[in-house]
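As a plain string of letters, each chain reads:
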Amino acid sequence: MANRKKLLVLSGDHVGPEIIKEAIKVLDVVAEFRPDIEIDIEYGLIGGTSLNAYGLPISDQTLEKAASSDAVLLGSVGGPEWEHFPGHLRPEIGILKLRARLNAFANIRPCRFFATSLINRSPLKPEIVAGVNFIIVRENCGGAYFGSKDEREEIGSDLWVYRRAEIERCARVSAALAMQPSHSGEKHIVWNADKANVLASSRIWRRITHETFSREFPELELQDQLADSMAMLLVKSPTKFNGIIHTDNTFGDILSDISGGLIGSLGVLPSASISSVPGQGPCKGIYEAVHGSAPDISGKGIANPVGQILSLVLLLRFSFEMSDEATRLENAIQVVLDSSEYQGLGIRTPDLGGSASTKEVGDAICAVYRSGFQTIYG
Ligand SMILES: NC(=O)C1=CN([C@@H]2O[C@H](COP(=O)(O)OP(=O)(O)OC[C@H]3O[C@@H](n4cnc5c(N)ncnc54)[C@H](O)[C@@H]3O)[C@@H](O)[C@H]2O)C=CC1
Ligand SMILES: CC(C)CC(=O)C(=O)O
Ligand SMILES: [Mg+2]
């Protein structure tokens, strides 16, 4: 019997559909080499396009389809067209509802140079940024983004709450990733980022994180860093945080965009939002690039699809348990970005200093995947 996987694709707004199209093209190529696996793909709407069609940022039917899928491949949402909408009807609410419905409580955001030559795109000096390699594990279903809100003419508030169980389960994901040995064979350090000097929610976050690690993972090293000084140190000496950065929803959102600055473009960063601890069977998850819908460049065919395609790598690894294919695809992306045969710049979109289109990058990744990693222009 064929091994069946159910995938829901929600393309989102602006550059969302442009880069999702490339990710699906790549997935088709990956699937060609695995005729034993049947991937059933369904499509739905989220964000502004869903607001336009149904008056809601995500419909109940779409949420139920997501819940019965093995994974959701998600394009970014939002844009100026919907900025005047009331808070509960903004496109971004579609993503929060999806995360909550799937209980996708851990948002995994790796940051490293996915191809060696990308180091020259960083605004930082190579000697400062070389070797940067950390994974942000961001709590994804609690904190200020999910607390009750009060929004009136003259006053607005967001309740920033954390409960023991939310902190413990996120700590277990950080620990599971920290246990995966680094290239040198060592366990990774876990850096806890919070604002325990001012926020009560951070003080309980820090206390319960420490309790969980000392009770369940005494062999792991856990260090605290206030989130504001971590933001500064990430720019000044980013390799200090090589390992895992364990943090809450708001700080993780901000620190992960800083990580896009470190490596030169937000367009290459992937993310996985998963609903169980990795390494214990397939995780259900949502796979989206870290960036937003980039309305400033949408419609031009120049959005970088790499963050979305690397999110597909994470999907293959965490949700479909196709780790060989994940590695093969990651290598193909690297070959394409490092290829020096295309105007001396690799096959890259303009955010990485190249002149390739979104489609050309997607096509090149497909070609290299098919060809078994020969440099296609070599
Ligand atoms: N997960 C999601 O769907 C997210 C949605 N948003 C929404 O996206 C909209 C735009 O937000 P911004 O603050 O402008 O952030 P953004 O991440 O969309 O864009 C920031 C900058 O990065 C560039 N950029 C982003 N992705 C790129 C790519 N793939 N290739 C090349 N360049 C890329 C953009 O052109 C822009 O200059 C807003 O409505 C925001 O709410 C923001 C973050 C996450
Ligand atoms: C709900 C999202 C728009 C928040 C965000 O910026 C992100 O998850 O990166
Ligand atoms: Mg963000």
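Here the structure is shown first, and the text comes after it.
Residues numbered from 1 in each chain as written. Chains lettered and ligands numbered in written order. Predicted model: local features only at pLDDT ≥ 70, side-chain atom pairs only at ≥ 80, totals over all residues. Heavy atoms only, no water.

Remarks on the site of ligand 1
Convention followed: Summary of the distance rule: residues count as near a molecule or strand when at least one heavy atom falls within 4 Å of that molecule or strand. Identification of polar contacts relies on pairs of N or O atoms within 3.5 Å, with a donor-acceptor requirement for protein atoms, meaning one able to donate a hydrogen and the other able to accept it, and with residues adjacent in sequence counted only if both atoms are side-chain atoms. Method for areas: the Shrake-Rupley scheme with a 1.4 Å probe, in which residue coverage is limited to the protein chains shown. Gly is placed with the polar residues, together with every amino acid not listed as nonpolar (Ala, Val, Leu, Ile, Met, Phe, Trp, Tyr, Cys and Pro) or charged (Asp, Glu, Lys and Arg).
Around ligand 1 lies a shell of 19 residues, among which Val77, Glu92, Gly292, Ala294 and Asp296 are the nearest. One of the backbone N or O atoms of Gly79 is found 3.3 Å from an oxygen atom in ligand 1. A distance of 2.9 Å separates an oxygen atom of ligand 1 from a polar side-chain atom of Asp296. Notes on ligand 1: free accessible area 810 Å², of which the protein chains cover 69%. Here the shell around ligand 1 is built from residues that sort into seven nonpolar, eight polar and four charged.

Points about the pairing of strand 10 (residues 243-247)
Basically, it comes down to this: The buried label applies to any residue whose accessible area, calculated with a 1.4 Å probe on protein chains only, is under 20% of its type's maximum; exposed applies above 50%, and partly exposed to all values in between. The way it works is that DSSP assigns letters per residue, a run of H or I at least four long becomes a helix, a run of E at least two long becomes a strand, and they are numbered from the N terminus. Strand pairing is defined by DSSP finding a minimum of two bridges between the two strands.
Taken across its five residues, strand 10 has five buried, putting it largely inside the fold. Here four bridges tie strand 8 (residues 190-194) to strand 10, and the two strands are oriented parallel to one another. For Val190, the partnering residue across the bridge sits in strand 10 and is Ile244.

Observations regarding the packing of aromatic side chains
The condition is simple: Only the six-membered ring of Trp is used, alongside the rings of Phe and Tyr, when aromatic pairs are assigned; centres must lie within 6.5 Å, and planes under 30 degrees apart are stacked while those over 60 apart are edge-to-face, with the rest tilted. Lysine NZ or arginine CZ positioned within 6 Å of the ring centre and within 35 degrees of the ring normal marks a charge as sitting over the ring.
Applying the stated criterion across every chain, the model contains five aromatic pairs. Ring centres 5.4 Å apart and planes at 45° place the aromatic pair Trp160 and Phe251 in the tilted group. Of the two residues, Trp160 sits in the loop between strand 7 (156-158) and helix 6 (164-179) while Phe251 sits in helix 9 (residues 249-262), which places them 91 residues apart along the sequence. By relative accessible area, which is 26% here, Trp160 ends up partly exposed. The side chain of Arg328 reaches across the aromatic face of Tyr369, ending 4.5 Å from its centre.

Comments concerning the nonpolar core
Inclusion rule: Note on terminology: a nonpolar core comprises buried Ala, Val, Leu, Ile, Met, Phe, Trp, Tyr and Cys residues joined through side-chain atoms within 4.5 Å. Contacts are assigned to residue pairs that have any heavy atoms within 4.5 Å of one another.
Residues Ile245 and Leu329 are the most contacted members of the largest nonpolar core, which totals 92 residues. Sorting elements by how many residues they give to this core places helix 10 (residues 306-318) first, with nine residues. Excluding residues within four positions of it along the chain, Leu329 makes contact with Val26, Ile309, Leu312, Val313, Leu316, Ile365 and Tyr369.

Quick look at the site of ligand 2
Within the structure, ligand 2 sits among Glu92, Leu96, Arg99, Arg109, Arg138, Asp253 and Val290. Here Arg138 contributes a side-chain N or O atom positioned 2.9 Å from an oxygen atom of ligand 2. At 3.0 Å from an oxygen atom of ligand 2 is found a side-chain nitrogen or oxygen belonging to Asp253. When residues in the shell around ligand 2 are grouped by element, the largest group, three residues, is from helix 4 (residues 91-101). Of the residues assigned to the shell around ligand 2, the class counts are two nonpolar, no polar and five charged.

Observations concerning the sheet that holds strand 9 (residues 222-226)
The condition that has to hold: With axes taken as lines fitted to C-alpha atoms, and helix axes fitted only over the stretch in contact, angles between N-to-C directions fall between 0 and 180 degrees.
Strand order across the open sheet formed by ten strands is 2-1-3-12-11-4-5-10-8-9, with mixed pairing between neighbours. Two strands in the sheet have a free side with no partner beyond their single neighbour: strand 2 (37-44) and strand 9. Between one strand axis and the next, the sheet turns through 25° on average, direction left out of account. Of the strands in this sheet, strand 1 (3-10), strand 2 and strand 3 (71-74) touch helix 1 (residues 15-32), which is tilted by about 165° from strand 2. Along the sheet face, helix 6 touches strand 4 (106-112), strand 5 (133-139), strand 8 and strand 10 and points at about 160° away from the line of strand 5.

Describing helix 4
For helix 4, the complete set of buried residues consists of Pro91, Ile93, Gly94, Ile95, Leu96, Leu98 and Arg99. Within two residues after helix 4, Asn103 carries a phi angle of roughly 55°, on the positive side.

Comments concerning the side chain of Gln308
You can see Gln308 is positioned in helix 10. You can call Gln308 buried: its relative accessible area is 1%. Only 3.2 Å separates the side chain of Gln308 from the backbone oxygen of Leu74, close enough to count as a polar contact.

Re the side chain of Ser311
Position of Ser311 relative to the elements: it lies in helix 10. Here Ser311 falls in the buried class, since its relative accessible area comes to 0%.

Things to note about the packing of helix 6 against helix 7 (residues 200-216)
Inclusion rule: Each angle gets one of four labels, with under 35 degrees taken as roughly parallel, over 145 as roughly antiparallel, 65 to 115 as roughly perpendicular, and the rest as oblique. In this scheme, a crossing is called left-handed if the near helix is turned counterclockwise away from the far one by less than a right angle; it is called right-handed if the turn is clockwise.
It is at 9 Å that the axes of helix 6 and helix 7 come closest, and there the two elements cross at 50°. In this view, helix 6 runs oblique relative to helix 7, as classed from their interaxial angle. In this structure, helix 6 meets helix 7 at a crossing whose hand is right-handed. On helix 7, the residues touching Arg164, Ile167, Glu168, Cys170, Ala171, Arg172, Ser174 and Ala175 of helix 6 are Ile204, Trp205, Arg207, Ile208, Thr209, Glu211, Thr212, Phe213, Arg215 and Glu216. Along the lines of polarity and charge, the residues of the contact of helix 6 with helix 7 split into eight nonpolar, three polar and seven charged.

Concerning the pattern of salt bridges
As a reminder of what qualifies: Salt bridge criterion: a side-chain nitrogen from Lys or Arg within 4 Å of a carboxyl oxygen from Asp or Glu.
Applying the stated criterion across every chain yields a total of 29 salt bridges. One salt bridge connects Glu166 with Arg163, and the closest N-O pair in it is separated by 3.8 Å. A salt bridge links Asp224 to Arg206; its shortest N-O distance comes to 3.8 Å. Separated by 18 residues along the polypeptide, Asp224 in strand 9 and Arg206 in helix 7 bring together distant segments of the chain. For Arg206, a relative accessible area of 22% corresponds to the partly exposed category.

Here's the deal with the packing of helix 8 (residues 227-236) against helix 9
For the pair helix 8 and helix 9, interaxial distance at closest approach is 10 Å and the crossing angle is 10°. As the angle between them shows, helix 8 and helix 9 are arranged roughly parallel. Every residue of helix 9 that contacts helix 8 at Ala227, Met230, Ala231, Leu234 and Val235 is listed here: Phe251, Leu255, Ile258 and Leu262. Counted by class, the contact of helix 8 with helix 9 contains nine nonpolar, no polar and no charged residues.

Purely geometric stuff here, so don't read any function into it on its own.
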